[in-house]
Amino acid sequence: MLNLFNFLKKEKVWDFEGGIHPPEMKTQSNGTPLSELPLPHRFIIPLKQHIGHEGEICVAPGDRVLRGQPLTFGTGRMLPVHAPTSGVIEAIGQHMTAHPSGLSELCVFLTPDGEDRWMPLDPLPDYRQHPRADIVQRIHDAGVAGLGGAGFPTATKLKGGLRGVNTLIINAAECEPYITADDRLMQDYAAEVLEGSRILAWVLQAERVLIGIEDNKPEAIAALKQALGSDRDLQIRVIPTKYPSGGAKQLTRILTGKEVPHGGRSTDIGVLMQNVGTAWAVKRAIVNGEPITERVVTLTGEAIAQPRNVWSRLGTPISHLLHHVGFTPAPRQMVIMGGPLMGFTLPSLDVPVVKITNCILAPSATEMGNNDEEQSCIRCSACADACPAKLLPQQLYWYSQGGDHDKARAHHIDDCIECGACAYVCPSNIPLVQYYRQEKAELRAIDLEAKRTLEAKARFEARQARLEREKQAREARHEEAKQRVARADNGELAAAKARVKARQVTEPDEATLEAQREARHAQARLRQAEAQAETQPVTRQSVDPRKAAVEAAIARAKAKKTAEKPAEAVPDAATASDTAADPRKAAVEAAIARAKAKKAAQAEGAEAAPAADNTAAPDTAADPRKAAVEAAIARAKAKKAAQAEGAEATPAADSTAAPEAAADPRKAAVEAAIARARAKKAAQAEGAEAAPAADNTAAPDTAADPRKAAVEAAIARARAKKAAQAEGAEAASAAHSTATPDDAADPRKAAVEAAIARAKAKKAAQAEGAEATPAADSTSAPDAAPDPRKAAIEAAIARAKAKKAAQAESDADAASRDAAALATAAHFAVENAEQAQEQANNANAEPEQAPELNQPDDARKAAIAAAIARAKARKAQSSTTLED
């Protein structure tokens, strides 16, 4: 009954599919206690002894180090390595390491000094009083990795299981044949193994701790139970011997009945597993403060005279260990690191011991069996039956051999634990594990390349995004700078406009000053004419006061108008500065402006010509002077039209060539000749028109009274002389008002024009005197000779008539003043019309034309308007005289 209760009390264990039962071959080495060997003459310490990246070197050749002193440092999976003894760093370089490829890795060469002195240690027996994170960091700093053969960093594994782990499994199965390192460690250091297990359980806060050990290790089981005593915080689970029950997934299945999902980890089901040797290393790192510098290594095989387990310092050459246990190599001797199923053949005996080295196997030729050649697969499925991971080894073999990586990945080749059970049962002697390892390496390389490609793509996209951000930032800065410059330019432009406007308001331009000077000169002439009218008789007055008053009023109006023009020209200049940027638009606007100006000039000429013809037609026959004035007006209009048309055709040429044309003596001579021809033609026309009228009116009177005819002839001569003087003065004034600044500055041209005016006046007087004298001589010649008394009477009569004519002339002067007032009003009306026309022209003017280039045209226009006004005034005066 007691046995039945004990059977029911036993914890249940599960089994896994597959597995094999090879010869254990453990008795060769597990019966001898652990021993230490002498130090080698040189240590070779690889920087990478775990799964992960190598650490950063913190020593240099020539440095003296102590045992336990870090040689590298790092974080995460970059575990540090420590000096296995005190000595001097000889060199740092490449050396062959324990790997099937036989490739070299970076190593530190240490020459021991024989003292084997430890560095100052920092033990922590009361670890429960410290944060768990500090304990995990101490484990990392001690360089503890999985000593069962995987070499995964223990601290990293603990960090991944800090949350969600409720079961801690201590793997003490050690299922592979020949290996007894964990068995001997549990026999000799059971208490330290249990203490390390408690530290791990405290860090993980596990609810239970299971120690799984195969039933082929009775001494180790007894030692553990004795060390555990009556404590129930740890549970020792004895499981049946079966290979590979020591695999992580298989032992988890055996002890918990749970299976790790495909592609997952044991922590996904709340389980974390550590090796017995790892638990011992954790205890030494925390309680004793010692980093890992040595481990237990099984030296076994029939080629070794004294197989046993020894404490081997990390970095000790394999040849040194074999030399101290009686290794006798045979021809073609094979030395294996690890067990016969999962180990690999060493390329050289000079490779060093590392953290994952648990066994050195030196079998004899008969021990390893016949080295049969590889045969073709017969599809017996023995490998599939033996696979503990429930895979299809034969399919994986075909995919690995054919390089079909996708199919191999699809058949879960990553779940293969490389236990070697398939190769052990294969009747064709196919090294299946070697094919799987090669395929796994190729898949890792493909994954690494894909990862690097993704990282490179991510870096490229990040760089492109950064460049785009920088580009947008630059464009934003440039746009801001442009806006800032534009604002500054607008401010400067506004300030410049304000300064120009202020200067134009405070400082009149040349046209304004010229107009003001003309106004002052006209005012001075008016004062002079008024003074002469008061002190001298009419026949000796050189200037007509009424005409001087009209000219002064015209000059004042012109000065006022010219002073107002700069204020109107400022917006035009601004418009020109805005439109100057588009030459095509400016050209179109210039063409439109020229067309409008030409049309306005034609309309003005068409309106002025009928009006002049309608008003002058009745009086032309009666007044030759009026005809001369109208002829002058017509010539002025013709000249204005020609100038306007020329300015429209070549505005740029006129604006640049006008001063040059005015200063050209040949052109001045041509213009003088044209003026003389026109004056001669006008005088001939005036004489031709005046002669019939004089003959028609004087014939009856001459026949009736020859003395009266003589008096009238004298009066006619006086009037002709006066008219010639007036016409000369008007011509001189018109020439002076229409002259350009260059003409006024040219004395030769002014002298020529003055001579032309005097010649015109003299010729007109001679023509009129020549026409009147024959008539007077033909009537008075028979009577003058015989009767002197009659001549005296006639002289008295002539004086009376002269007096009467003077009275009539005074009345005519009053009428002339009234006509002058009317002419002034007409002049203002003309000026208003011209100002409106000029505003229209300015609105449609070319934007690029500067205001000062239009001043000569404005001056000519003002001169023409003044000539028209004077003509109207003379017309009114002539009408009043004829009526009187």
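Residue indices follow the written sequence of each chain, beginning from 1 at its first position. The predicted origin of the model limits local features to residues at a pLDDT of at least 70 and limits the giving and counting of side-chain atom pairs to 80 or more, whereas totals for whole chains, interfaces and linings rest on all residues. Think of the side-chain values as coming from all heavy atoms in the structure, minus any hydrogens and water.

Now for helix 15 (residues 510–535). Numbering goes from the N terminus for both helices and strands, where a helix is a DSSP run of H or I of at least four residues and a strand is a run of E of at least two. In this scheme, a helix's expected span is set at 1.5 Å multiplied by one less than its residue total. Taking 1.5 Å per residue as the helical rise, helix 15 with its 26 residues ought to reach 38 Å, and the 37 Å between its terminal C-alpha atoms agrees with that figure. We call a residue buried when its accessible area falls under 20% of the maximum for its residue type, exposed when it is over 50%, and partly exposed in between, using a 1.4 Å probe and counting protein chains only. Of the residues making up helix 15, those classed as buried are Ala511, Thr512, Ala515, Glu518, Ala519, Ala522, Leu526, Ala529 and Gln532.

Let us now look at the confidence of the model for the chain. pLDDT is a per-residue confidence score from the predictor, ranging from 0 to 100. Averaged over the chain, the pLDDT score is 76; the fraction of residues at 70 or greater is 64%. We call two residues contacting when some pair of their heavy atoms lies within 4.5 Å. For residues 608–622, every residue scores under 50 in pLDDT, and the model assigns this stretch 18 contacts once sequence neighbours within four places are set aside. Contacts for the low-pLDDT stretch residues 729–745, under 50 throughout, to residues beyond four places or in other chains number 22 contacts.

It is worth spelling out the packing of helix 5 (residues 190–204) against helix 8 (residues 276–288) at this point. Between N-to-C directions, angles span 0 to 180 degrees; the directions come from axes that are lines fitted to C-alpha atoms, helices contributing only their stretch in contact. Contact geometry for helix 5 and helix 8: axes closest at 7 Å, N-to-C directions at 80°. For the element pair helix 5 / helix 8, the angle class is roughly perpendicular. Where helix 5 approaches helix 8, its residues Glu192, Val193, Glu195, Gly196, Ser197, Ile199 and Leu200 are matched on the opposing element by Val276, Ala279, Trp280, Val282, Lys283, Arg284, Ile286 and Val287. Here the contact of helix 5 with helix 8 is composed, by residue class, of nine nonpolar, two polar and four charged. Oblique is the label for any angle not under 35 degrees, not over 145, and not in the 65 to 115 range, which are roughly parallel, roughly antiparallel and roughly perpendicular in turn. Each residue is assigned to one class: nonpolar for Ala, Val, Leu, Ile, Met, Phe, Trp, Tyr, Cys and Pro, charged for Asp, Glu, Lys and Arg, and polar for all the others, Gly among them.

Quick look at the sheet that holds strand 7 (residues 104–112) now. Paired strands, in this sense, are two strands between which DSSP finds at least two bridges. Pairing in this open sheet of four strands is antiparallel, and the strands run 2-7-6-4 from one edge to the other. Each edge of the open sheet carries a strand with a single partner, namely strand 2 (43–46) and strand 4 (64–65).

On to the nonpolar core, then. Residues belong to one nonpolar core when they are buried, are Ala, Val, Leu, Ile, Met, Phe, Trp, Tyr or Cys, and are joined through side-chain atoms within 4.5 Å. Of all hydrophobic cores here, the largest spans 51 residues; its most connected members are Ile135 and Leu168. If you tally residues by element for this core, the top one is helix 5, at nine residues. The contact partners of Leu168, leaving out residues within four places of it in the chain, are Ser197, Leu200, Ala201, Leu204, Ala206, Arg208, Val209, Leu210, Leu272 and Gln274. Grouped together as the second largest cluster of nonpolar side chains are 20 residues, Ala303, Leu321, Ile360 and Ala362 included.

Another point: the packing of aromatic side chains. Aromatic rings in a pair are described by how distant their centres are and how their planes are angled relative to each other. Planes of paired rings set the category: under 30 degrees apart is stacked, over 60 is edge-to-face and the rest tilted, where pairs are Phe, Tyr or Trp rings (Trp by its six-membered ring) whose centres lie within 6.5 Å. Taken as a whole, this structure holds five aromatic pairs when the rule is applied. Centroid distance Tyr127 to Trp202: 5.6 Å. Interplanar angle 75°. Geometry classified as edge-to-face. With a gap of 75 residues between them, Tyr127 in the loop between strand 7 and helix 2 (132–141) and Trp202 in helix 5 connect regions that are remote in the sequence. For Tyr127, a relative accessible area of 4% translates into the label buried. Using a relative accessible area of 12% as the deciding quantity, one classes Trp202 as buried. Relative to Trp311, the ring of Tyr189 has its centre 5.5 Å away and its plane inclined at 80°; by these criteria the two rings are edge-to-face. Of this pair, Tyr189 sits in the loop between helix 4 (181–188) and helix 5 while Trp311 sits in strand 13 (residues 308–313), and the two are 122 residues apart along the sequence. Residue Tyr189 is classed as partly exposed on the basis of its relative accessible area of 26%. On the accessibility criterion, Trp311 (8% relative accessible area) is buried. Three or more aromatic residues joined by ring pairs make a cluster, and in this case those are Tyr189, Trp280 and Trp311.

What follows is about the sheet that holds strand 14 (residues 336–337). Here we have six strands laid out as an open sheet, ordered 1-13-12-16-14-15, and mixed in their pairing. A strand with exactly one partner marks an edge of an open sheet, and here the two such strands are strand 1 (35–36) and strand 15 (344–345). Here strand 12 (residues 294–300) runs beside strand 16 (residues 359–361); their pairing, made up of three bridges, is parallel. From the neighbouring strand, Thr298 faces strand 16, where its bridge partner is Cys359.

This next bit is on the pairing of strand 11 (residues 271–275). By the criterion of burial, strand 11 is predominantly enclosed, with five of the five residues buried. Residues Val271, Met273 and Asn275 line one face of strand 11 and the alternating positions Leu272 and Gln274 line the opposite face, and both faces are buried. Both strand 8 (residues 167–171) and strand 11 contribute to a ladder of five bridges, which runs parallel. Following the sheet pairing, Thr167 is matched in strand 11 by Val271.

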